[in-house]
Amino acid sequence: MADDYGDDSGQKILDDLTRFAECMGAAAMIRRADGLHAALEHAKSTTAQEKTRGGAAPVEYAKLDMYEFRALDDYDGIKEIIEAKLRAHGVNTAWFADEQLDKEYLLFHVSDA
C-alpha cells in the first residue's frame, strides 16, 4: 500500500495516519486519566466535608456522589475496582441508586475509612 503511488508519498500518508492514531490514543488516555483524577479528588474532598460537617454528633456514614465516575467509560468496571480496593482495606460498602434524580451513591462507614 505504501508504494501504490510509485514514490514515498504513500508511506508518508501511512506514517502520518499512524502518528495521528497514536496521538488520538494518547489524548484519549490523558482525557480518561484527567477525568478519573478529577472524580477521585472530588470524592476525597466530599468525604472530608462529610467528616467535618459542623454538627454536634460525628458523621457516621459517608455518601459519595458518583456523578463524575458515571461520566467515565466502563463505569461498572470502575465500580468493581473501587469496591475491591475498599474491601481489601476492610471498608464495607453499599451502593444506592436514586432513580428519581438519576444519581448513584457509594455509602460506607466513615470510621472504616
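Overview of the structure.

The rules behind these values
Residues numbered from 1 in each chain as written. Predicted model: local features only at pLDDT ≥ 70, side-chain atom pairs only at ≥ 80, totals over all residues. Heavy atoms only, no water. Patch = residues over 30% accessible without salt bridge, like charges linked within 9 Å, V, L, I, M, F, W, Y side chains within 5 Å. Areas by Shrake-Rupley, 256 points an atom, 1.4 Å probe, with all protein chains shown as cover. Salt bridge = Lys/Arg side-chain N within 4 Å of Asp/Glu carboxyl O. Lys, Arg positive; Asp, Glu negative; His and termini not counted. Charge placed at Lys NZ, Arg CZ, Asp CG, Glu CD. Helix = DSSP H or I, 4+ residues; strand = E, 2+ residues; numbered from the N terminus. Pairing = 2+ DSSP bridges. Axes fitted to C-alpha atoms, helices over the stretch in contact; angles between N-to-C directions. Contact = heavy atoms within 4.5 Å.

**Quick notes on a negative patch on the surface**
1) Next: Together, Asp73, Asp74, Asp76 and Glu80 make up a negatively charged patch on the protein surface.
2) Next: With respect to the helices and strands, the residue Asp76 is situated in helix H3 (residues 75-88).

**Describing the sheet that holds strand E1 (residues 61-65)**
1) Next: Overall, antiparallel pairing links the 3 strands, which are arranged E1-E3-E2 in an open sheet. A single partner strand is all that each edge strand has here, and the edge strands are E1 and strand E2 (93-98). Across this sheet, the average inter-strand angle for adjacent strands is 25°, counted without regard to direction.
2) Next: Relative to E2, H3 is tilted by about 150°, and along the sheet it contacts E2 and strand E3 (103-109).

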